[in-house]
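Examination of the molecular architecture
Okay, here's what each chain looks like letter by letter:
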Amino acid sequence: MVRAGFTQTEFDEIPKDWTKISIGSDASLNARIGWQALTTNEYETSGDYYLVTGTDFIGGRVNWDTCHFISKWRYSQDKKIQLKNGDVLITKDGTIGKAGYVEDLYLPATLNSGVFVIRPLENKFVPLFLYYTLTSRVFDEFLNRITAGSTITHLYQKDFVNFEFYAPEVKEQEEIAEALSDVDGLISALEKQIAKKKDIKAAAMQQLLTGKKRLPGFGGGNGYKQTEFGLIPEDWEIFDLADVMQSGLNSIKIGPFGSALKAEFLTKTGYKVYGQENVFESNMELGSRYICDERYQKLKSCKLECGDFLISMMGTIGKTFIVPHNFDPGIMDSHLIRLKINSTKLCPNLLTYLFKSPIIFKQIDQLSVGGIMDGLSSKIIKSLLLPLPRIEEQRAIAEIFMSMDDELKSLIARLTKTKMIKQGMMQELLTGKTRLI
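The rules behind these values
- Each chain carries its own residue numbering, running from 1 in the direction its sequence is written.
- Under the rules for a predicted model, residues below a pLDDT of 70 receive no local features and side-chain atom pairs below 80 are neither given nor counted, while totals for whole chains, interfaces and linings still include all residues.
- Derived side-chain values reflect all non-hydrogen atoms in the structure, with water molecules and hydrogen atoms excluded from consideration.
- Only DSSP runs of H or I with at least four residues qualify as helices, and only runs of E with at least two residues qualify as strands; both kinds are numbered from the N terminus onward.
- Per-residue accessibility, obtained with a 1.4 Å probe over protein chains only, is compared with the maximum for each type, and a residue is labelled buried under 20%, exposed over 50%, and partly exposed between these values.
- The contact criterion used throughout is that any non-hydrogen atoms of two residues lie within 4.5 Å.
- Only the protein chains shown count as cover for residues, and the accessible areas themselves come from Shrake-Rupley with a 1.4 Å probe.
- For the purpose of counting charges, residues Lys and Arg are taken to be positive, whereas Asp and Glu are taken to be negative. His and the chain ends are not included.
- Throughout, a charge is located at the NZ atom of Lys, the CZ atom of Arg, the CG atom of Asp or the CD atom of Glu.
- Pairs were defined over the aromatic rings of Phe, Tyr and Trp, the Trp ring being its six-membered one, requiring ring centres within 6.5 Å. Orientation was assigned from the angle between planes: stacked under 30 degrees, edge-to-face over 60, tilted for the rest.
- Think of it as a cone above the ring: NZ of Lys or CZ of Arg counts as a charge over the ring if it is within 6 Å of the ring centre and within 35 degrees of the ring normal.
- Here the rule is simple: two strands pair whenever DSSP picks up at least two bridges between them.
- Cysteine sulfur atoms are paired as a disulfide whenever they fall within 2.5 Å.
- Every axis in this analysis is a line fitted to C-alpha atoms, fitted for helices over the stretch in contact. Angles between the N-to-C directions lie between 0 and 180 degrees.
- We call two directions roughly parallel when the angle between them is under 35 degrees, roughly antiparallel when it is over 145, roughly perpendicular when it lies between 65 and 115, and oblique otherwise.
- Each crossing gets its handedness from the near helix: less than a right angle anticlockwise from the far helix is left-handed, clockwise is right-handed.
- Any residue outside Ala, Val, Leu, Ile, Met, Phe, Trp, Tyr, Cys, Pro, Asp, Glu, Lys and Arg is labelled polar, Gly included; the first ten of those are nonpolar and the last four are charged.
- Salt bridges, as used here, are contacts in which a Lys or Arg side-chain nitrogen is within 4 Å of a carboxyl oxygen on Asp or Glu.
- Buried Ala, Val, Leu, Ile, Met, Phe, Trp, Tyr and Cys residues form a nonpolar core when they are joined through side-chain atoms within 4.5 Å.

1. Focus on the overall build of the protein
- For the protein, the helix and strand inventory stands at 12 helices and 24 strands.
- Its C-alpha atoms put the protein at 80 × 55 × 45 Å along the principal axes.
- Looking at the 437 residues of the protein, the share that counts as buried comes to 46%.
- The contacts in the protein between residues at least 6 apart in sequence include a share of 72% that link residues at least 24 apart.
- Accessible surface, the protein: about 22,500 Å² in total, of which carbon and sulfur atoms supply 52%.
- The positive charge centre, built from 53 side chains, and the negative charge centre, built from 54, are 3 Å apart in the protein.

2. Focus: the packing of aromatic side chains
- Enumeration according to the criterion identifies 19 aromatic pairs in this entry.
- Three or more aromatic residues link up through ring pairs in this structure, and these residues are Phe116, Phe125, Phe129, Phe139, Phe142, Phe160, Phe163 and Phe165.
- When the ring centre of Phe116 is taken as origin, the NZ or CZ atom of Lys92, which lies over that ring, is 5.4 Å away.

3. Observations regarding the sheet that holds strand 19 (residues 290-291)
- The mixed open sheet is built from three strands, whose spatial order is 19-18-22. A single partner strand is all that each edge strand has here, and the edge strands are strand 19 and strand 22 (330-332).
- The sheet contact formed by strand 18 (residues 271-274) and strand 19 spans two bridges and is antiparallel. Each bridged residue has a counterpart across the sheet, and for Lys272 the counterpart in strand 19 is Tyr290.

4. Focus: the state of the cysteines
- Applying the stated criterion across every chain yields a total of zero disulfides.
- There is no disulfide at Cys302, and the cysteine sulfur nearest it, in Cys292, is 15 Å away.

5. Some details on the packing of helix 3 (residues 127-134) against helix 6 (residues 170-208)
- Between helix 3 and helix 6, the least distance of the axes is 8 Å, while the angle of their chain directions is 60°. The orientation of helix 3 with respect to helix 6, classified from their angle, is oblique. Crossing of helix 3 against helix 6: the hand is left-handed. In contact with Leu128, Phe129, Tyr131 and Tyr132 of helix 3, helix 6 contributes Gln173, Ile176, Ala177, Leu180, Ser181 and Asp184.
- For the contact of helix 3 with helix 6, the per-class residue count stands at seven nonpolar, two polar and one charged.

6. Some words on unusual backbone geometry
- The backbone phi angle of Asn123 is positive, close to 55°, even though this residue is not glycine.
- In this fold, Asn123 is placed in the loop between strand 12 (115-120) and helix 3.
- With a relative accessible area of 54%, Asn123 lands in the exposed category.
- At Ser282, a residue that is not glycine, the phi angle is positive and equals roughly 50°.
- Inspection of the secondary structure puts Ser282 in the loop between helix 7 (276-280) and strand 19.
- Classification of Ser282 as partly exposed rests on a relative accessible area of 45%.

7. Focus on the pairing of strand 14 (residues 224-227)
- One ladder, built from four bridges, connects strand 14 with strand 15 (residues 230-233); its direction is antiparallel. Each residue of the ladder has a partner; that of Gln226, found in strand 15, is Leu231.
- Taking the residues between adjacent antiparallel strands as the criterion, strand 14 and strand 15 are bridged by two residues.

8. So, helix 3
- Of all eight residues making up helix 3, seven are buried, and the element is well covered by its neighbours.
- Listed as buried for helix 3 are Leu128, Phe129, Leu130, Tyr131, Tyr132, Thr133 and Leu134.

9. Section: the pattern of salt bridges
- As enumerated under the stated definition, the model contains 23 salt bridges in all.
- Between Glu13 and Arg3 there is a salt bridge, with the nearest N and O atoms lying 3.2 Å from each other. Here Glu13 is found in strand 2 (residues 13-15), whereas its partner Arg3 is found in the segment before strand 1 (6-8), with 10 residues between them in sequence.
- Look at Glu13 and you get buried, because its relative accessible area is 14%.
- When the shortest N-O distance is used, the salt bridge between Lys201 and Asp405 registers 2.7 Å. Of the two residues, Lys201 is situated in helix 6 and Asp405 in helix 12 (residues 391-429); the sequence distance between them amounts to 204 residues.
- Residue Lys201 is classed as buried on the basis of its relative accessible area of 11%.
- One network of salt bridges, in which partners are shared, links Arg214, Asp235, Arg390 and Glu393.

10. Some words on the environment of Leu180
- In this fold, Leu180 is placed in helix 6.
- Between the C-alpha atom of Leu180 and that of Met426, which follows or precedes it by 246 residues, the distance is 7.4 Å.
- Apart from the residues lying within four places of it in its own chain, the contact partners of Leu180 are Tyr132, Lys422, Met425, Met426, Leu429 and Leu430.

11. Overview of the sheet that holds strand 8 (residues 68-69)
- One open sheet accounts for three strands, arranged 8-5-11; its pairing is mixed. At either margin of the open sheet sits one strand with a lone partner, and together these are strand 8 and strand 11 (109-111).

12. So, the nonpolar core
- Membership of the largest hydrophobic core comes to 40 residues, with the highest contact counts inside it found for Ile118, Leu134, Phe160 and Phe163.
- Take this core: its biggest share by element is six residues, from helix 3.
- The residues contacting Ile118, other than those within four sequence positions of it, are Ile23, Ala27, Ser28, Leu29, Asp87, Val88, Ile90, Leu130, Leu134 and Phe160.
- Residues Phe218, Val244, Ile252 and Ile360 belong to the second largest nonpolar core, which totals 39 residues.

Right, dumping it as structure tokens:
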């Protein structure tokens, strides 16, 4: 039953005082026409006239830092696509329907052939309100209708002019656009903060993992020595990874290959079989492969225990994960290497960061057959060299990185939540379910 004050449309329940707006009749729609034949050979890396393409849309705004430039003649060729602040853009080739909004324009700018510019006629709509509509479910559904069953990735003008949406009076459009823009500002600020934190962490890893910078209380007055890793502190040593493993034949172990773990051995219950997905997502709950007790007893040398250090060895190689306390008993598959680290010589958490650094990946590259990093082996792992301080300093360095990771996780969680809030706001505000005035 339709709520009082609303009317049912093809999209949703819409307030009765909202009106239908059509791109075909209420907007101008322009693009660089084909006969102008602008080619990529004319793109320049500097100049006085921006050329905007769909790849320059970042977070819904034009990133002027990535734009190419073109000649004054090309800019002057078509006045209808000379951009101004407040223009709404949308891609019509490749990834179609990607919307952008022009602001902070400080040099003349025009479009390549893959982008439309949309402007209101007779003040029928607020451009920023249209931008948010073009990023909403309403426009997604329109694109799905016009491209259904088609392999052609092109938004034709003859189709786009049929796009219609509902909107309140201009004043309320402005309020809605401003509210959504405020959330976008928060999203942008969080993204910049995350990028800055990542840069700080990368710089800290470069300094601390090579001993160029020492934490307070470590290495006071010590000099440096020349090694295959360049200069490292005098009190640091270089170890083979095999030297810092626990004693025993299975301290470095690859999961079972071939006939030892065939698909027909897998069951729906029993002992779990862990794979790369668990390492990639740092989550032991993923996966639904199991083996029976009899098969588990035969493959017990591949079982996992708390504290085991896992490394992905195929595809996206070198991803790592330390097995936590609580997990279902089981074994690893042939895509994982398990290390049992002697924690009095090597801090496992520090090793996770070494695997994210050039210290290890340069060696893997050199040790791989033909220089192609398409997989790891126990031989490569055992051959890896690690420049290491004493264990106390290792733990202190790892704590710094773990603290940085916690900050990043918190910021990323805030960003994810804010994006979800924005989606909810769009659904409410762009359909009139929630009114601001």
